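Observations on chain architecture
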Number of protein chains: 2
Amino acid sequence: MADRPIKELNWKTPLEAARKPSLNQIAKMGICGIMDPIAPGVPPGSDTATLALLGYDVLKVYSGRGAIEAIGSGINVSPSDVAFRCNFATVNENLVVLDRRAGRIADEDAVKLAESLQKIRLQKPSVKFLFKNTIQHRAALVVRGQKLSTAVSDSDPGKVGVRVLEIKPLDESPEARLTAKILNELMHKFSKVLKDHPLNKKRARRGLPQANIILCRGAGTIPNTKPLSELYDINAVCIAATSLIRGVCKVAGMKLVDIKGATGTPQTNFVAKAKSTVQALKACDFVLLHVKATDVASHDGNIKQKVELIEKIDHMIGYVLDNIDPVSTYLAVTADHTTSSITQNHEGDPVPVAITGPYVRRDDVEEFDERSCAKGGLNRIRGMDLTPILMNLIGKTRKFGA
Amino acid sequence: MADRPIKELNWKTPLEAARKPSLNQIAKMGICGIMDPIAPGVPPGSDTATLALLGYDVLKVYSGRGAIEAIGSGINVSPSDVAFRCNFATVNENLVVLDRRAGRIADEDAVKLAESLQKIRLQKPSVKFLFKNTIQHRAALVVRGQKLSTAVSDSDPGKVGVRVLEIKPLDESPEARLTAKILNELMHKFSKVLKDHPLNKKRARRGLPQANIILCRGAGTIPNTKPLSELYDINAVCIAATSLIRGVCKVAGMKLVDIKGATGTPQTNFVAKAKSTVQALKACDFVLLHVKATDVASHDGNIKQKVELIEKIDHMIGYVLDNIDPVSTYLAVTADHTTSSITQNHEGDPVPVAITGPYVRRDDVEEFDERSCAKGGLNRIRGMDLTPILMNLIGKTRKFGA
């Protein structure tokens, strides 16, 4: 949601340009500030930012996106597993990448291809793998066995027009060498299966880019963290569609709710998410409601769509505001990172944050945007401060000292 | 002193509601901000907060209240000693706690009982103990010997209506087992002496709760820290009545001043403390003047009293302001934590802070309270930043680098 000032918006940010009465209402009733999701100037990933917003020190606990994406997709990842974030992609006969997302392949195609890939057998029988598609071209790969390592490079070159990379060990250990070897074997076998897959032939006939390779990146293990239930004695619920955010919430021990029509895209059902949030709040202490759509618009550089999506989010927040008990509920709104519609990347600028509820020290900020909130009573905090602040407001923090 | 907005005060905080010309004068002349004693959202103890305000990284150096309380009570605690915070309390014949404070027993009764307890001998002659009453029902116990451990549980159940707890080792070490055994022996012998003590029989005749048991909690050792004199080449003085604060200041190597009439209660002699502060400033570099009273009122949920006590503190500060040399003296006012008069607990909200003196970057804040200070030039700092900031202003910090 957060952005930088944009010339096309008369040097306003999309948040400043949008009509957002409910977000402003929260700013008016509450205490505002700006927040560095990780640290000033550090562009956060969606996973690290969300982990930080849930109170974790990501600089200490985070080791790559793969495991979080895999957990979010429903794979039970063990601490010794090595996991990767994958894309279905399109390459030519020389393995030069033509489309890193295989035309943003539809879920129903991806699931069929993933099922075929899962049937592959590795040479080394003691090593197993789990491959699962998530949303569109996105997938997760988990490699399970003794003596594996996260010290391996990516096969994903990160851009089109260049050749797919061989996976290499990043240190001298036998574990890294073994893991790289297994990954290269898998990538090769995946390609073979995909190339000959009837569904790809069908896609070619329909003029769609073939999903003829899997690109993998971000080797990692699951973060070694305590669940929120243990840290704060709460039960917590996650309302999010993207598997990365769901993975983060699962790492935090939160209950995942499935919402019909919540897709992690600009076409998501905002109202269904709001209704589920109100419902969830009746039975639990803490709900994280996450919307991915504005980030998608920013990555596409679609400024107009970003403003419209902020207005839809505002409408969604309005429903939540109208249907919760203001005497007993605290509500915080923020972004997990700044995404610039100009650079189309996550950026290290701080995000606005506002908290409303019975006993906050209300300030005189009247609008929820990057610059108004910078004048608020919270001043400038870190992402990992937000959950302790909220837990303290609802009486769930423990005193440190006597 | 710091609090949250309260409905009864028309959603002002007690600081916002109080008449406080001298505190406002400091805000006007100085630079203001808000401060997280430990970290945003973390409710501090009085000991950890004060240690942090003196510049120490409590998350690294703090290991329990017992040793600090013991030092504050005048016991010379060695690094190998294990110390406990104790209460004189009242139990029935089944060891069910009736009053955790034995009717807030008067100091003159507590000192007599403590003297009797100190005469007890332990079975193991190589282990010694020191027991000392502090204020009212509060006392400190230090166990001294080879191979002791802080890994033991409390005998204090923390509430009335339940039985006193047996002290248990918290790990498998022989040290923890030995320490638990010694503590249980001591607790048992203490009870026996107290039960038959003539003073308790007298209390019973006068209708007062008998102080017939000692409850102990918070096993700890002294923090491993360097004194302020070594860190900043200063001599520092503490003006405080509560033994916990005095203990913290002694840990910091500060000189403790005894003030007639300073009691650590709402009835303390504010003016005597102010006079001692002015006097101490003539001979030393740094004085910590601490008032406990507002915290007591908050824990009692007595909003009216809290406002009145803030006004008394303001009067005390006025005396200091009028009697120091403004050309050579810096003055900082703050709270060691937020105590909510509603929850009656320490809370993790930040506290206001104002610093005045010849060369501060004066801002435009005009009132000393939680929300006005949030707009000040200090922005939001951590408790452990305050002493370095002050030491820098008086030219006592060393350059880091070349």
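To keep things clear, this report deals only with the structure shown in the data block. (Residues numbered from 1 in each chain as written. Chains lettered and ligands numbered in written order. Predicted model: local features only at pLDDT ≥ 70, side-chain atom pairs only at ≥ 80, totals over all residues. Heavy atoms only, no water.)

A few words on the pairing of strand β2 (residues 82–91) of chain B. Residues and elements named next belong to chain B. Of all 10 residues in β2, 10 are buried; the element is thus mostly enclosed. In this sheet, strand β5 (residues 138–144) lies alongside β2 in antiparallel orientation, the contact comprising six bridges. Residue pairing for β5: Arg85 is matched across the bridge by Ala140. One ladder, built from six bridges, connects β2 with strand β6 (residues 213–220); its direction is antiparallel. Residue pairing in the sheet places Ala89 in a bridge with Ile213 of β6. Between β2 and strand β3 (residues 97–99), which pair antiparallel and follow one another directly, the connecting turn spans five residues, one of which, Leu95, has a positive phi of 65°. (Buried < 20%, exposed > 50% of the residue type's maximum accessible area, 1.4 Å probe, protein only. Helix = DSSP H or I, 4+ residues; strand = E, 2+ residues; numbered from the N terminus. Pairing = 2+ DSSP bridges.)

This next bit is on the pattern of salt bridges. On inspection of all chains with the given rule, the structure shows 36 salt bridges over all chains. Across the salt bridge formed by Asp57 of chain B and Lys60 of chain B, the nearest N and O atoms sit 3.6 Å from each other. Residue classification places Asp57 of chain B among the partly exposed residues on the basis of a relative accessible area of 24%. You can call Lys60 of chain B exposed: its relative accessible area is 71%. Between Asp156 of chain B and Arg100 of chain B there is a salt bridge, with its nearest N and O atoms 2.8 Å apart. Of this pair, Asp156 of chain B sits in the loop between β5 and α7 (174–195) while Arg100 of chain B sits in the loop between β3 and α6 (107–118), and the two are 56 residues apart along the sequence. Take Asp156 of chain B: its relative accessible area is 5%, and that puts it in the buried class. One salt-bridge network, held together by shared partners, links Arg4, Glu347 and Asp349 of chain A. (Salt bridge = Lys/Arg side-chain N within 4 Å of Asp/Glu carboxyl O.)

Among the residues of helix α2 (residues 21–29) of chain B, Ser22, Leu23, Asn24, Ile26 and Ala27 of chain B are the ones counted as buried. Where α2 of chain B is buried, its residues touch α1 (14–17), β1 (31–36), α13 (303–323), β10 (331–334) and β13 (351–356) of chain B. (Contact = heavy atoms within 4.5 Å.)

Below, the discussion takes up the packing of helix α3 (residues 46–53) of chain B against helix α10 (residues 243–251) of chain B. All names here are of chain B. It is the contact of α3 with α10, at a shortest axis distance of 9 Å, that shows an interaxial angle of 35°. Judged by the sense of rotation from one axis to the other, the crossing of α3 with α10 is right-handed. Between α3, through Ser46, Asp47, Thr50 and Leu51, and α10, the contact on the second element is made entirely by Leu244, Ile245, Val248 and Val251. Classifying every residue of the contact of α3 with α10 gives five nonpolar, two polar and one charged. (Axes fitted to C-alpha atoms, helices over the stretch in contact; angles between N-to-C directions. Left-handed = near helix turned anticlockwise from the far one by under 90°. Nonpolar A, V, L, I, M, F, W, Y, C, P; charged D, E, K, R; others polar.)

Turning our eyes to something else, we now look at the interface of chain B and chain A. Think of interface size as the accessible area that goes away when the parts come together; that is how it is often given. Listed by partner, the interface residues are 35 residues for chain B and 22 residues for chain A. For the pair chain B and chain A, the summed buried surface comes to about 2200 Å²; carbon and sulfur atoms form 54% of the total. Ranking the residues of chain B by area buried against chain A places Arg4, Pro43 and Arg380 of chain B at the top, with a combined share of 23%. Our count for the contact surface shared by chain B and chain A stands at two salt bridges. Where chain B touches chain A, the interface holds 12 residue pairs in polar contact (both at pLDDT 80 or more). Counting residues per element, the ones that place at least two in the side of chain B that touches chain A are α3, α4 (58–61), β12 (346–347), α14 (370–373) and β14 (379–382) of chain B. Here the side of chain B that touches chain A is built from residues that sort into 16 nonpolar, eight polar and 11 charged. (Buried area = accessible area lost by both parts, 1.4 Å probe. Polar contact = N/O pair within 3.5 Å; in protein donor to acceptor, adjacent residues only side chain to side chain.)

For Asp233 of chain A, which is not glycine, the phi torsion reads 55° and is therefore positive. In this structure, Asp233 of chain A sits in the loop between α9 (228–232) and β7 (236–239). For Asp233 of chain A, a relative accessible area of 56% puts it in the exposed group. Of note, the phi angle at Gln344 of chain B is positive, near 60°, even though the residue is not glycine. Tracing the backbone through its elements, the reader meets Gln344 of chain B in the loop between β11 (338–339) and β12. Overall, Gln344 of chain B belongs to the partly exposed group, its relative accessible area being 33%.

What follows is about the relation of the copies chain B and chain A. Of the transformation placing chain B onto chain A, the axial shift is 0.6 Å and the rotation is 124°, giving an RMSD of 0.4 Å. The superposition operator between the copies reduces to a three-fold rotation axis. Mapped onto chain A, only 6% of the interface residues of chain B are again interface residues, and the two copies thus contact each other with different surfaces. (Least-squares fit on C-alpha atoms with pLDDT ≥ 70 in both.)

Residue and element names in this part refer to chain A. In total, this model carries eight aromatic pairs over all chains according to the counting rule given. Seen in terms of ring centroids, Phe129 and Phe190 are 5.7 Å apart; in terms of plane orientation they differ by 65°. Their pairing is edge-to-face. Residue Phe129 is found in strand β4 (residues 128–133), and its partner Phe190 is found in helix α7 (residues 174–195); the two are separated by 61 residues along the sequence. Looking at Phe190, the relative accessible area reads 0%, which means it is buried. An angle of 65° between the planes, with centres 5.2 Å apart, marks the rings of Phe131 and Phe190 as edge-to-face. Here the residue Phe131 occupies a position in strand β4, and Phe190 occupies one in helix α7, the gap between them amounting to 59 residues. (Phe/Tyr/Trp six-rings, centres within 6.5 Å; stacked < 30°, edge-to-face > 60°.)

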